[in-house]
Amino acid sequence: MKHNPSLALWALLLPFCLFACTPINNPQSTIHNPQDSVMDSTLQPFSLSACQPIDRVQPMTGLVLWPSHGSIKKYKDVIALEYSYCLPCRVVTGKVGDAIQYDWTYFENILNDIASRNHQAVIRFRYEYPGNREVDGSTRGATAVPQYIKDLEDYNETYYKCEDGPTYYADWSNTELQWFTKQFYTDFAAKYGNDSRIAFLEVGFGHWSEYHIYGTPLKIGTNFPSKEYQNEFLLHVGSVMPIPWLISIDAADGSYTSIVRTPEVMALDFGNFDDSFMHKGHEKGSGDGYNEQSWNKIGQGTRWQRGPSGGEISYYSSADQRGFLNPAGLYGVTWEEAAAKYHITFMISNDAPGSTYGTTQRFQEAGMAAGYSFTVCACRAGQGRTQLLVTNEGVAPIYRDAYFAIGSTRCAQSLKGLLPGQKVVLELPVELTASEDLHIESDYILPSQTIQFNIAD
């Protein structure tokens, strides 16, 4: 279905920083460049041996299935995320004055269905999907542009029967479509920006919103938005969107965009997704290396520190989805090696269940190799306070706020942004007396989910 859409240096050690904590409800602070810190020797070592270690895929990480997957119930305990496309035309009912009119029932049903399995959603709104009949049940490749825009006299879609399938293309010369697309994300952010049912948002243009229309003659400003508008749109999303958001690595292609040549856009904290991850020619050493080069261009080696890395295992060959979990590797690279190299937080792998290597046990093992993984290296308590020395042993940071807490008292300093290999001393103004009272809280996971942590030997 999909077409062609590094290891980073660890942060340098910085001067000592001790992060004080207070019992507040919704702190919004982020760790920046923490380092190993000396704990207060006047406090007594406290054993956390009774704490349960990490034994499952953590919230907002791991392998991902579609809600419609036939084995979703069988695999529900070894994944934490589900992926869904969403259609703007299904939630927009019209426009009155300058206000877009919405009925979010369709979208609510998607979120509630996913949350019913104790999972969060990875969402992508799209206009074009080659050959797809979902918009009206009959027209192949109909756009998901709201009907009120399609009814405008100066709105004219184009059509092309490309290699991906018959496709109608949104009319990007239309000023109402340009205005609507920005306003839609403003309204979406206002309504759903802090909704714990949503983990990540993927945005973009073209086929599947993946920044390409392969097989169709490219007409910038007509069947694909102008480069100027794309930059304007991304800057707008960056200004309104609290949900961690990603764009395709295909956005590194200069024929479609000018993103990599626009410093203010590159400075945004978006992440990247790769919809043909781990295919045979993915790496520069095994083929044309288009994917790796695109990651390097738009990620610049450090984007994963600010925005999540995700995507979908390749469909170039049927062996890709069904073989990438082979512990011996696929095309000379194991899943664990690829996840570490690109600092992967989540990856869609819808065709892997039921394959030779796609067992529930392997799904859980692979999912736990993605994203963050917190470890408490030491704990000291006394004098009405508690200190924790914490590190991240995963391959990526957590991208939303999460806090160590004792009882109802949260640490003021978030775990958000704690990079792999970094350590930080956190202090809570409450003296820990029972190890089971120590836990991690986040307003951005489901009430039924838990962020676990390990205890160093």
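Residues numbered from 1 in each chain as written. Predicted model: local features only at pLDDT ≥ 70, side-chain atom pairs only at ≥ 80, totals over all residues. Heavy atoms only, no water.

Q: What is the right way to read the packing of helix 3 (residues 175-192) against helix 4 (residues 227-240) from this model?
A: When two helices pack together, you describe them by how their axes are tilted relative to each other and by the distance separating the axes. Direction vectors running N to C along helix 3 and helix 4 enclose 15°, while the axes themselves pass 9 Å from each other. One element, helix 3, and the other, helix 4, form an angle in the roughly parallel class. Judged by the twist between their axes, the crossing of helix 3 over helix 4 is right-handed. Contacts between helix 3 and helix 4 involve Leu 177, Gln 178, Thr 181, Lys 182, Tyr 185, Thr 186 and Ala 189 on the former and, on the latter, Tyr 229, Glu 232, Phe 233, His 236, Val 237 and Val 240. In the contact of helix 3 with helix 4, the residues fall into seven nonpolar, four polar and two charged. (Axes fitted to C-alpha atoms, helices over the stretch in contact; angles between N-to-C directions. Helix = DSSP H or I, 4+ residues; strand = E, 2+ residues; numbered from the N terminus. Parallel < 35°, antiparallel > 145°, perpendicular 65-115°, else oblique. Left-handed = near helix turned anticlockwise from the far one by under 90°. Contact = heavy atoms within 4.5 Å. Nonpolar A, V, L, I, M, F, W, Y, C, P; charged D, E, K, R; others polar.)

Q: Looking at this model, I keep getting lost on the pattern of salt bridges. Mind explaining?
A: Pairs may arise between side chains of opposite charge once their charged atoms sit close together. Counted according to the given criterion, the structure contains 21 salt bridges. Residue Glu 176 is joined to Lys 95 by a salt bridge in which the shortest nitrogen-to-oxygen separation is 2.9 Å. One end of the pair, Glu 176, is in helix 3; the other, Lys 95, is in strand 5 (residues 92-96), with 81 residues separating them in the sequence. For Arg 197, the salt bridge goes to Glu 108, with nearest N and O atoms at 2.9 Å. Of this pair, Arg 197 sits in the loop between helix 3 and strand 10 (198-202) while Glu 108 sits in helix 1 (residues 105-115), and the two are 89 residues apart along the sequence. (Salt bridge = Lys/Arg side-chain N within 4 Å of Asp/Glu carboxyl O.)

Q: Explanation requested: unusual backbone geometry in the structure shown.
A: Trans is the prevailing form of peptide bonds, just as negative phi is the prevailing case for residues other than glycine. Despite not being glycine, Tyr 211 shows a phi value in the positive range, around 65°. Along the polypeptide, Tyr 211 turns up in the loop between strand 10 and helix 4. Tyr 211 gets classed as buried once you look at its relative accessible area, which sits at 0%. For His 343, which is not a glycine, the phi torsion comes out positive at approximately 55°. When you line up the elements, His 343 lands in the loop between helix 8 (335-341) and strand 14 (346-348). (Buried < 20%, exposed > 50% of the residue type's maximum accessible area, 1.4 Å probe, protein only.)

Q: Just checking my understanding: could you explain helix 4 for this structure?
A: For the α-helix, the turn length of 3.6 residues means that residues three or four positions removed from each other point alike. An ideal rise of 1.5 Å per residue puts 20 Å on 14 residues; helix 4 measures up with 20 Å between its terminal C-alpha atoms. On its buried face, helix 4 sits against helix 3, strand 11 (245-248) and helix 5 (263-266). (Expected span 1.5 Å × (residues − 1).)

Q: Hey, could you run me through the sheet that holds strand 18 (residues 409-410) in this one?
A: Paired through their backbone hydrogen bonds, the strands of a sheet run either parallel or antiparallel. Strand order in the open sheet formed by three strands is 18-17-20, with antiparallel pairing between adjacent strands. Looking at the sheet topology across the chains shown, the edges are occupied by strand 18 and strand 20 (438-441). Where strand 17 (residues 403-406) meets strand 20, four bridges bridge the pair, whose relative direction is antiparallel. Bridging from a neighbouring strand, Tyr 403 pairs with Glu 441 of strand 20. (Pairing = 2+ DSSP bridges.)

Q: Explain the confidence of the model for the protein chain here, please?
A: The predicted model of the protein chain has a mean per-residue pLDDT of 92, with 92% of residues at 70 or higher. Long-range and interchain partners of residues 1-29, a stretch whose pLDDT sits below 50, account for 108 contacts in this model, where long-range means more than four residues apart. (pLDDT = per-residue confidence, 0-100.)

Q: How do you make sense of the packing of aromatic side chains when you look at a structure like this?
A: Counted according to the given criterion, the structure contains 43 aromatic pairs. Between the aromatic rings of Tyr 85 and Tyr 129, the centroid separation amounts to 5.4 Å while the plane-to-plane angle is 70°, which identifies the pairing as edge-to-face. Separated by 44 residues along the polypeptide, Tyr 85 in strand 4 (residues 81-86) and Tyr 129 in the loop between strand 7 (120-125) and helix 2 (147-150) bring together distant segments of the chain. Centre to centre, the rings of Phe 125 and Phe 184 are 4.9 Å apart; their planes meet at 85°, and the pair counts as edge-to-face. Pair noted here: Phe 125 is in strand 7 and Phe 184 is in helix 3, with a separation of 59 residues, a long-range link. Residue Phe 125 is classed as buried on the basis of its relative accessible area of 3%. The buried category is assigned to Phe 184, whose relative accessible area is 2%. Taking the ring centre of Tyr 444 as reference, the NZ or CZ of Arg 400 above it sits at 3.9 Å. (Phe/Tyr/Trp six-rings, centres within 6.5 Å; stacked < 30°, edge-to-face > 60°. Lys NZ or Arg CZ within 6 Å of the ring centre and 35° of its normal.)

Q: Just to check I follow, could you spell out the environment of Thr 175 for this structure?
A: Mapped onto the elements of the fold, Thr 175 is located in helix 3. It is 9.0 Å that separates the C-alpha atoms of Thr 175 and Tyr 155, two residues lying 20 residues apart in sequence.

Q: Even after reading the chapter, I still don't get the nonpolar core, so can you show me in this structure?
A: Side chains of nonpolar character tend, in soluble globular proteins, to be buried together. Residues Phe 107, Phe 188, Leu 201, Leu 234, Trp 245, Ile 247 and Ile 259 are the most contacted members of the largest nonpolar core, which totals 59 residues. Contacts of Trp 245, omitting those with residues within four sequence positions, involve Leu 201, Val 203, Leu 234, Val 237, Gly 238, Leu 268, Phe 270 and Gly 271. Val 122, Ala 199, Leu 426 and Ile 445 belong to the second-largest nonpolar core, a separate cluster that totals 39 residues. (Core = buried A, V, L, I, M, F, W, Y, C linked by side-chain atoms within 4.5 Å.)

Q: Would you mind going over helix 9 (residues 360-367) with me for this structure?
A: Taken residue by residue, helix 9 has Arg 362, Phe 363, Ala 366 and Gly 367 as its buried positions. Mapping the buried residues of helix 9 onto a view down its axis gives an arc of 130°, with all of them on the same face. Packing partners of the buried residues in helix 9 comprise strand 3 (62-65) and helix 8. (Arc of directions from axis to C-beta.)

Q: For this particular structure, what's the right way to read the pairing of strand 12 (residues 271-277)?
A: Where a strand is regular, its side chains alternate between the two sheet faces. By the criterion of burial, strand 12 is predominantly enclosed, with seven of the seven residues buried. Bridge count for strand 11 against strand 12 is three bridges, and the pairing is parallel. Among the inter-strand pairings, Leu 246 is bridged to a residue of strand 12, identified as Gly 271. Each parallel crossover has a hand, and the one from strand 12 via helix 6 (residues 290-299) to strand 13 (residues 309-313) is right-handed. (Right-handed = clockwise from strand over helix to strand, strands pointing away.)

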